[in-house]
Amino acid sequence: MERHDDPATERRAGDPWNEHLASGFSAAVPIGELDAADTYRFIVSVEVDGLVRSAPLEIPDPRGEGRLPSFGPLTVDGRWCVERQEASQDLAVRRISPARVPVLGARVSGSEVELELASVPATGTSFRATSGVLASTGKVETRDGRAIVRFDLQVGSRVSWGLRPWKIAATCGGVSRRLAWAQASTAVAREDVVGLVLGATQYGNVLVSSGRATGQITAVDLTDDGLSVGGWLRAPRDTSHMTLRLSGKAGEVSAPLVVAPDGRFTVLLPVDDRGGNPLSTTFGFVIKADIDGQELWLPASRTLLDGFPLDLENGRIAATVTSTPGAGAAWVRFRSRFAEDERSRRDQARMIEEYRALPPEPLDAVLFETFSGRTAGDSPLALSAELHRSRPDIAQYWSVATLATPVPEWSTPVLRHSREWFRILAGARYLVNNANWPWFFVKKEHQLYLQTWHGTPLKRIGNDVPGASLSLSYRELMVREAAAWDVLLAQNEYSAEIFPEAFDYRGPVLVEGYPRNDSLFGAGAADVRRRLRAGFDIDDDVQVLLYAPTWRDNLKGAGGYGRVTYLDFDAVVADAAVTGRRTVILYRGHSNTAGSAAALPPEVIDVTSYPDVNDLMLASDALVTDYSSIMFDYAVTRKPIYFLVPDLALYSSTTRGFYRDLAEIAPGPLCATTGEVLAALVEDNRTQFGERYDLFVAEFAPLDDGNASQRVLAKLPGLGVAAPVAGDRAATA
């Protein structure tokens, strides 16, 4: 064995404590000297200070780095193949029988394929391609001394969509033999041809795929404008509409698919959703074609496969491109754009150690973060805007999970967990967060930490949550967090009484209204409403419902908290069709469900990742919620609020519990079904709930007047922000 450094091994190891850079090795094994009757595994042994440990090598993931040839060249003695065993992931090889018909090359034209044989077949040899119940007889001819067998693998319109693999065999004297590539797998079908898809089985037998539509992805690149995808596609002549889709558990984007006369295409797919937010970095996406409503998975070409995995990046994001294990389709996983020496878990552990141990270099700057960097919004965004207005000379940074996350133009984004981010986190004089910093956070002596939190609580929070509904690790994290807070914001006196015990916090609580609600006031609010509705192609006469449920502690799986969708979207659409009341639903999931894989119907606009929920409140005409704190903010707009709470009894008694009885304070109807919500929408909400609405605002939003941000900043030492003039209250939109 020859050892060498392999930087990729460090990333694959996932080990934060040990170095793996020098773990790479290469070895040449003379398998030709082995007995062909057996299957052979590869055992690697490591000796350290006299201690020896041995283990079998696993077969590498064919989608990733370290892809092996599936088979060697076909000789008179047979061929060596990598053996895939159902009960084992061990890397194994064996030699298979030479009883095959060698094929030197292939040429594709439309639905026809010509295979060049290594020798002229014996008299009486017949050739046949089969795919399920379909069959095609090969025609043999000789050209320039070369034997050619030609098949027409056209399939009819009655055949189901998707690629159909054809097995090809020769029969002579009652003996059937498969046609197999004479070359090793690394030399087979490398040209990207338009028509049929050439491939091979794991033993090197020829495999040709056809279908009502066929195609391949031949190139993928990440540009400043999106994901550029090249390939070829052969579709039915009567096709009227085609799109290329980037589809996954976390959503889907698409673009028109226009095919040139030679069958080739290049499509630029967006890497942001309809709200302008970056696509998920939690789940991957498959590149598919849609042909008149029929889905077609496009496999990656051999040329493209040979380069996998592709590590791509532009100025905002990065992506890794590999292939799916079954269909071999191009699969894209977006990720944060870390430098090479920041990507591995060992790199991250090393930077954490340095951050906690080294003395900081104080910076006259403010570092903002909301919801672990998934957005730039909430009260920190309002404070950022007011600070820029009052003190544009103070540097502002935003902590973001990906550089594609939109941040205010006057600020600088810093990628969470990057080396620069650690420097700013340790150095900035002011830290502003609406949730929490990571577990390793240590507030430095020169820093002031303002915790805005993210809502007035109806449901119990922190130490008041039932033990089974909140993990011990989160409780411990919040204890450390609260100990670091210098100032905690509360929207109202009600919250100011709850927070200290809920968080075990003993510092000052600042009650000045919620900064995040400032943008609901003033002349600019009407402009935001018009701009956002226009951006979503929503006409002025369309009723917009903002559906914003909170998360459920009891709806958690391996992928995190699931989406809450008690509102029957189909019923709302059907009601709109019957009544003629045009309706659009904006779905705003809780930040804890932002990574949910649950798909939404096309009639619903997913705005879960939209940076500023206030824009959504302004664009909407009514709110449908449950126990979410958004009710206390939306009340500032004086628009109708409807409560869809089919699990009210369970949630209030077991799941989480309330500080107040929702039925006693709700400024709108409590509905158990979507039908009840639809019925309530046509009633006079102001007449029924006007007095309760006024009491609700008076108790929970008495200080929300458009100037909360300025009042809060004026209370922070060293910023030099003047307090607003007393009694100066802006008007709501």
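All values derive from a computational prediction rather than experimental measurement.

1. A closer look at the overall build of the chain
Looking only at helices and strands, one finds 16 helices and 42 strands in the chain. A principal-axis box enclosing the C-alpha atoms of the chain has dimensions of 105 × 75 × 50 Å. Of all 733 residues assigned to the chain, the portion counted as buried reaches 51%. Sequence-distant contacts, at least 24 apart, represent 63% of the contacts inside the chain between residues at least 6 apart. When the accessible surface of the chain is summed, it comes to about 33,100 Å², and 51% of that surface belongs to carbon and sulfur atoms. The centroid of the 76 positive side-chain charges in the chain is displaced by 5 Å from the centroid of its 93 negative side-chain charges.

2. Quick notes on the nonpolar core
Side chains of a nonpolar character, in soluble globular proteins, are inclined to be buried together. Counting 80 residues, the largest nonpolar core has Leu367, Leu425, Phe503, Leu586 and Leu662 as the members making the most contacts within it. With 6 residues, the top contributor of residues to this core is helix 7 (residues 493–503).

3. Considerations on helix 5 (residues 419–427)
Along helix 5, the residues classified as buried are Trp421, Phe422, Ile424, Leu425, Ala426 and Gly427. On the buried face of helix 5, the contacting elements are helix 3 (345–357), strand 28 (363–369), strand 29 (395–400), strand 30 (412–415) and strand 31 (428–433).

4. Things to note about the sheet that holds strand 22 (residues 264–269)
Overall, antiparallel pairing links the 3 strands, which are arranged 18-19-22 in an open sheet. Looking at which strands have only one partner, the edges of the open sheet turn out to be strand 18 (214–223) and strand 22. Across this sheet, the average inter-strand angle for adjacent strands is 20 degrees, counted without regard to direction. Relative to strand 22, strand 19 (residues 226–234) runs antiparallel, the two sharing 6 bridges. Following the sheet pairing, Trp232 is matched in strand 22 by Arg264.

5. A few points about the sheet that holds strand 3 (residues 39–41)
With respect to topology, 3 strands assemble into an open sheet ordered 3-7-6, the strand pairing being antiparallel. Of all strands in the sheet, those bounded by a partner on one side alone are strand 3 and strand 6 (79–83). Adjacent strand axes in the sheet meet at a mean angle of 30 degrees when their direction is disregarded. Relative to strand 7 (residues 92–96), strand 6 runs antiparallel, the two being bridged by 5 bridges. Across the sheet, Glu83 pairs through a bridge with Ala92, a residue of strand 7.

6. Comments concerning helix 16 (residues 708–715)
Because each turn of an α-helix spans 3.6 residues, side chains separated by three or four positions in sequence point in the same direction. Burial within helix 16 is extensive, with 6 of its 8 residues counted as buried. Every buried residue belonging to helix 16 is among Ala708, Ser709, Gln710, Arg711, Val712 and Leu713, and all of these are buried. The elements touched by buried residues of helix 16 are helix 4 (378–390), strand 32 (448–451), strand 33 (487–490) and strand 34 (509–511).

7. So, the packing of aromatic side chains
One pass over the structure, following the stated rule, counts 26 aromatic pairs. Taking the centre distance of 5.0 Å and the plane angle of 75 degrees together, the rings of Trp421 and Phe422 count as edge-to-face. The class of Trp421 is buried, set by a relative accessible area of 0%. Relative accessible area serves as the criterion here: at 5%, Phe422 is assigned to the buried category. Each ring, one from Trp453 and one from Phe503, has its centre 4.7 Å from the other, and the planes form 65 degrees; the classification is edge-to-face. You can see Trp453 sitting in the loop between strand 32 and helix 6 (472–484) and its partner Phe503 sitting in helix 7, a full 50 residues away along the chain. Phe503 shares its class with Trp453; the two are buried. Looking at Lys444, its charged tip hangs above the ring of Tyr355, at a distance of 4.7 Å from the centre.

8. Let's talk about the side chain of Ser131
Examined against the element boundaries, Ser131 turns out to sit in strand 10 (residues 126–131). Those residues in contact with Ser131 that lie beyond four places of it in its chain are Arg164, Pro165 and Trp166.

9. Remarks on the pattern of salt bridges
By the definition in use, this model includes 48 salt bridges. Here Arg416 ties to Glu369 by a salt bridge, and the two come within 2.8 Å at their closest N and O atoms. In this pair, Arg416 is assigned in the loop between strand 30 and helix 5 and Glu369 in strand 28, connecting sequence segments 47 residues apart. Both residues of the pair, Arg416 and Glu369, count as buried.

10. With respect to the pairing of strand 12 (residues 139–143)
Of the strand pairs in this sheet, strand 12 and strand 13 (residues 146–152) are connected by 5 bridges, and their pairing is antiparallel. Bridge pairing in strand 13 places Thr142 opposite Ala147. Linking strand 12 to strand 13, which pair antiparallel, is a turn of 2 residues; within it Asp144 sits at a positive phi near 50 degrees.

11. Some thoughts on unusual backbone geometry
Cis peptide bonds are those with omega within 30 degrees of zero, and the linkage from Phe308 to Pro309 qualifies with -5 degrees. Here Pro309 is to be found in the loop between helix 2 (302–306) and strand 25 (310–313). Of note, Asp144 is a non-glycine position whose phi angle comes to about 50 degrees, a positive value. When you line up the elements, Asp144 lands in the loop between strand 12 and strand 13.

12. Looking at the pairing of strand 26 (residues 318–323)
Of all 6 residues in strand 26, 6 are buried; the element is thus mostly enclosed. Covered by surrounding structure in strand 26 are Ala318, Thr320 and Thr322 together with Ala319, Val321 and Ser323, the residues of both alternating faces. Adjacent in sequence and paired antiparallel, strand 25 and strand 26 are bridged by 4 residues. Examined bridge by bridge, strand 26 and strand 27 (residues 330–335) share 6 bridges and lie antiparallel to one another. Bridging across to strand 27, Val321 finds its partner in Val332.

13. Focus: the environment of Gly284
As for its position among the elements, Gly284 is in the loop between strand 22 and strand 23 (285–291). When its relative accessible area of 15% is taken as the criterion, Gly284 is described as buried. Considering only alpha carbons, one finds Gly284 and Pro602, 318 residues apart in sequence, at a separation of 20 Å. When near neighbours in sequence (up to four residues on either side) are disregarded, Gly284 contacts Ser247, Gly248, Lys249, Trp331, Val332 and Arg333.

Quick notes on the rules
Residues numbered from 1 in each chain as written. Predicted model: local features only at pLDDT ≥ 70, side-chain atom pairs only at ≥ 80, totals over all residues. Heavy atoms only, no water. Helix = DSSP H or I, 4+ residues; strand = E, 2+ residues; numbered from the N terminus. Buried < 20%, exposed > 50% of the residue type's maximum accessible area, 1.4 Å probe, protein only. Contact = heavy atoms within 4.5 Å. Areas by Shrake-Rupley, 256 points an atom, 1.4 Å probe, with all protein chains shown as cover. Lys, Arg positive; Asp, Glu negative; His and termini not counted. Charge placed at Lys NZ, Arg CZ, Asp CG, Glu CD. Core = buried A, V, L, I, M, F, W, Y, C linked by side-chain atoms within 4.5 Å. Pairing = 2+ DSSP bridges. Axes fitted to C-alpha atoms, helices over the stretch in contact; angles between N-to-C directions. Phe/Tyr/Trp six-rings, centres within 6.5 Å; stacked < 30°, edge-to-face > 60°. Lys NZ or Arg CZ within 6 Å of the ring centre and 35° of its normal. Salt bridge = Lys/Arg side-chain N within 4 Å of Asp/Glu carboxyl O.

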